[in-house]
Amino acid sequence: MIPVQLASFFTAAALILIGIIGVFFIDNLIKKVIALSFISDGVNLFLVTLGYKPGGIVYIYMPGMSSSWFAQNASYPLPFALVLTSIVIGASTLAVMLAIIIILYHRHGSLSSKILED
Amino acid sequence: MIEYLIMIIIILGAILALVQRDLLKAAILTGVPGASMAFLYQFLLAPDVALTQAIVGSAIIPVFFALAVYKTRRMEE
Amino acid sequence: MKSLIALMVILPILCGLLLNLLHKKDRTIKILALTVAIILPIIPLIASYGAYYFGGYPPIAENPTIAEYLPAYITRSYLVKFHPAITYIFNSAQRIFIFILGIVAFLAIFTSLNEVKKPSGVYSFLMFMATAAVTAIVLADDIFNLYVFFEIAAISQAGIILSSNIKGSYKMALRYLFLGGVAAPMLLLGVALLLGAIGNVNISDMIFAMRNGLIDQGNPIFLTAAGLIIFGWLYGSGLPPFHTIKSGLYSKALPHAASLIQAFSVFTLVALGIIILRLFYYIPVVRWAIIIFSIAGMALGISMAIMQTDFKRLIGFLAVGELGYIGIGLGLGTTMSITAGLFQAVNEALVTACLFLGFGTILYQTGISEIDKLGGLLKYRPGVAGLMILAGFIMAGIPPFNVFQSKLMLIESAISAGFPELAIIMILLSIVTFMTFMKAYYSIYLKPEPRGLEVKAERIPSSTIFSMIILLVICTILGILPQLATSQFGSIIHGLL
């Protein structure tokens, strides 16, 4: 059985791939946005997996732990801090895109990506 | 062991969401990978990210999509 | 005065948020926006050089009070040199970039406040927000912070397009956001790979770790990361394969917004390009990729400009084509070529802004952007026509103006680096650029006036003409005294080579 970290990397890669394929080969605009959200989810998962430590503990320093033991066993929190920002940015971009799609639908009466062509 | 199960659910959920013809179903199905990812983050020792992802990924983003579908059309043409 | 460095980013964000609160109070909005816009180019002039640490956490080596409490295995390791805080670096090169960006932003906001009937609304907010984001991209020494502002810049630019109310602007903004939705995660993936390999997101620390043998430089992860970051760089700057979308973006924006957006592309190209060079200078493929994409950008941009019948599209493609010169300067990688490339970036931001404002006056007078339907505009506003031909000459590189100086330096550096072919390509494309511009200029201003062309009697706002004159004056000053700019780039190039 492959280790959790490696499997998680593969999951992230699969999500990114599914997203990219979806963006380029699906005609419906809302589904394109769904695919874009999978790409950013995949990248977030990749970042979180970087901070994971097999057999480690959550990076919260409790009283009674020795600092060197904590340093050796805790997961690495920097990527997690980045992911928090990235999740929020992704959600807000998505909201802007969906708002534009709703307006375009009311103008053209279609959700096909053909309406994006001039 | 449960981690692997969650990973499979994430990938299957993503594929299922993209092959739906009913856009409302697709919108709801985006919540499946979103919520499973929150669990996966918990197993990957990132509880704070898991909290954020649980709210954003399993509630806010599917609701956004559902609202967009509600304001446009339900079936893909 | 180190806190002024953070103020360069914070002030426009705060001002933008405040403008949103003051909805409908047009007079207050005008005064506030103008005051902050004037302050924007002044701050970099009075701020002192140095590094700003957010939260006030310098590296442990510079902070002996913390170092006392740390065990010896940390204080004796390289960790003491690493930056724990988000770091902004402000030096002479950053000063001139932010000054020019501030000038262009000020003139664009000044013109827009006078041309747009209702100044309240999100329009000036978005312009301030994007200015802040690009300033942060220029300043940031932290690659994740750079990614965050890269996204903010992309969303704000899409927002500027949305609020322009030009036909087709929604489609263009959505297409731009879709491409951004692919390119920005790729940039983040590149950042993640670097973070995984090195364990920090500070660019100076990454370079320190790579150059001092803490990490194996030959690791293929670095090549992959370079590829992904270059992909984001192409999106941000509008080089191929994103040249069509970027020029479309310029053409769907109001003219003053277009003059600002092209400055954003130029400075994003420069800032990210320098970071790519700093990180991956030792990989020859990276520099070749930069040169090849730049040449493709020049060739595609200019050859597509020839085919356009709409002058907004035409000038958009010419602006993309000119970006290639900067990229070639960076990619050649000698002291002289990088100086020339950075100087070209400064010049191009100024000249193209002036051209966009000038073409905006035509749109203001007639409301038509198809070249064939226009003609004989010379007799209505000969002054603006004179300024336009001057801007065209400057862009083509006629002495004694600034673009001549930078293109000459670029050509010389290409020859001395052993690539005379590049020099020939640059000269040829420069001539084609000039001819394309002259053809459009002839049919808009000199050709006999077609029947049925309605020219509004309304005067062009004097603020537009004032902005154009200011930009051209700066161009002339830089042309006569190029060392004003070129002597400033030493700090960046010293760190590169």
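Quick note: structure is the one above.
These figures come from a predicted structure and were not determined experimentally.

1. Let's talk about the overall build of chain C
Link 1 in the chain: Assigned secondary structure in chain C consists of 21 helices and two strands.
Link 2 in the chain: In terms of overall dimensions, chain C is globule-like: its C-alpha atoms have a radius of gyration of 23 Å, near the 23 Å expected for 497 residues.
Link 3 in the chain: Dimensions of chain C along its principal axes, counting C-alpha atoms only, are 85 × 55 × 40 Å.
Link 4 in the chain: For chain C, buried positions account for 62% of its 497 residues.
Link 5 in the chain: Of the contacts formed within chain C by residues at least 6 apart in sequence, a portion of 82% connects residues at least 24 apart.
Link 6 in the chain: As displayed, chain C offers around 17,600 Å² of accessible surface, 68% of which is attributable to carbon and sulfur atoms.

2. Looking at the environment of Ile155 of chain C
Link 1 in the chain: Of note, Ile155 of chain C is situated in helix H7 (residues 143-162).
Link 2 in the chain: Contacts of Ile155 of chain C, omitting those with residues within four sequence positions, involve Thr93 and Val96 of chain A together with Leu177 of chain C.

3. Some thoughts on the interface of chain B and chain A
Link 1 in the chain: Across the contact, 41 residues belong to chain B and 47 residues belong to chain A.
Link 2 in the chain: Taking both sides of the interface into account, the surface hidden between chain B and chain A amounts to around 3,800 Å²; carbon and sulfur atoms contribute 79%.
Link 3 in the chain: It is Leu18, Leu44 and Leu45 of chain B in chain B that bury the most area against chain A; as a group they hold 19% of the surface buried on that side.
Link 4 in the chain: Where chain B meets chain A, there are one salt bridge.
Link 5 in the chain: The residue Lys31 of chain A makes a salt bridge to Glu76 of chain B at a minimum N-O spacing of 2.8 Å.
Link 6 in the chain: The tally of links from chain B across to chain A stands at six residue pairs in polar contact (both at pLDDT 80 or more).
Link 7 in the chain: Examining the composition of the side of chain B that touches chain A, we find that 12 residues originate from one element, helix H4 (residues 47-71) of chain B, more than from any other.
Link 8 in the chain: Grouping the constituent residues of the side of chain B that touches chain A by class yields 29 nonpolar, five polar and seven charged.

4. Concerning the interface of chain A and chain C
Link 1 in the chain: Contacts between the two partners involve 35 residues from chain A, matched on the other side by 28 residues from chain C.
Link 2 in the chain: On the surface where chain A and chain C come into contact, there are zero salt bridges.
Link 3 in the chain: Connecting chain A to chain C are two residue pairs in polar contact (both at pLDDT 80 or more).
Link 4 in the chain: Of all elements in the fold, only helix H1 (4-25), helix H2 (29-51) and helix H4 (78-108) of chain A reach the threshold of two or more residues within the side of chain A that touches chain C.
Link 5 in the chain: If one sorts the elements of the side of chain A that touches chain C by residue count, H4 of chain A sits on top with 15 residues.
Link 6 in the chain: Among the residues making up the side of chain A that touches chain C, the classes are represented as 24 nonpolar, seven polar and four charged.

5. Side note on the side chain of Glu151 of chain C
Link 1 in the chain: Along the chain, the position of Glu151 of chain C falls in helix H7.
Link 2 in the chain: The buried charged residue Glu151 of chain C lacks any salt bridge partner; its closest oppositely charged side chain belongs to Lys246 of chain C, at an N-O distance of 12 Å.
Link 3 in the chain: Beyond its immediate sequence surroundings of up to four residues, Glu151 of chain C is in contact with Ile89 and Thr93 of chain A together with Ala184 of chain C.

6. Describing the state of the cysteines
Link 1 in the chain: Under the counting rule described, the total for this entry stands at zero disulfides over all chains.
Link 2 in the chain: The closest cysteine sulfur to the non-disulfide-bonded Cys475 of chain C is located on Cys354 of chain C, 6.9 Å from its own sulfur.

7. Regarding helix H2 (residues 26-46) of chain C
Within an α-helix, residues lying three or four positions from one another point in the same direction, as the helix has 3.6 residues per turn.
Residues and elements named next belong to chain C.
Link 1 in the chain: The first and last C-alpha atoms of H2 sit 31 Å apart over 21 residues, in line with the 30 Å expected at 1.5 Å per residue.
Link 2 in the chain: Residues Ile29, Ala33, Val36, Ala37, Leu40, Pro41, Ile43 and Pro44 constitute the buried set of H2.
Link 3 in the chain: At its buried positions, H2 is contacted by helix H1 (3-21), strand S2 (87-90), helix H5 (92-115) and helix H6 (122-139).

8. Comments concerning helix H11 (residues 243-252) of chain C
Link 1 in the chain: A large share of H11 of chain C lies buried, amounting to nine of its 10 residues.
Link 2 in the chain: Three or more residues of H11 of chain C are buried, namely His243, Ile245, Lys246, Ser247, Gly248, Leu249, Tyr250, Ser251 and Lys252 of chain C.

9. Details of the packing of helix H16 (residues 382-396) of chain C against helix H19 (residues 462-480) of chain C
Residues and elements named next belong to chain C.
Link 1 in the chain: In contact at an axis separation of 11 Å, H16 and H19 are set at 30° when each is read in the N-to-C sense. In the packing of H16 onto H19, the handedness of the crossing is left-handed. The residues of H19 that touch H16, namely those facing Val384, Leu387, Met388, Leu390, Ala391 and Ile394, are Ile465, Met468, Ile469, Leu472 and Cys475.
Link 2 in the chain: Within the contact of H16 with H19, the residues separate by chemical class into 11 nonpolar, no polar and no charged.

Cut-off values and rules
Residues numbered from 1 in each chain as written. Chains lettered and ligands numbered in written order. Predicted model: local features only at pLDDT ≥ 70, side-chain atom pairs only at ≥ 80, totals over all residues. Heavy atoms only, no water. Helix = DSSP H or I, 4+ residues; strand = E, 2+ residues; numbered from the N terminus. Rg over C-alpha atoms; globule rule 2.2 N^0.38 Å. Buried < 20%, exposed > 50% of the residue type's maximum accessible area, 1.4 Å probe, protein only. Contact = heavy atoms within 4.5 Å. Areas by Shrake-Rupley, 256 points an atom, 1.4 Å probe, with all protein chains shown as cover. Buried area = accessible area lost by both parts, 1.4 Å probe. Salt bridge = Lys/Arg side-chain N within 4 Å of Asp/Glu carboxyl O. Polar contact = N/O pair within 3.5 Å; in protein donor to acceptor, adjacent residues only side chain to side chain. Nonpolar A, V, L, I, M, F, W, Y, C, P; charged D, E, K, R; others polar. Lys, Arg positive; Asp, Glu negative; His and termini not counted. Disulfide = S-S within 2.5 Å. Expected span 1.5 Å × (residues − 1). Axes fitted to C-alpha atoms, helices over the stretch in contact; angles between N-to-C directions. Left-handed = near helix turned anticlockwise from the far one by under 90°.

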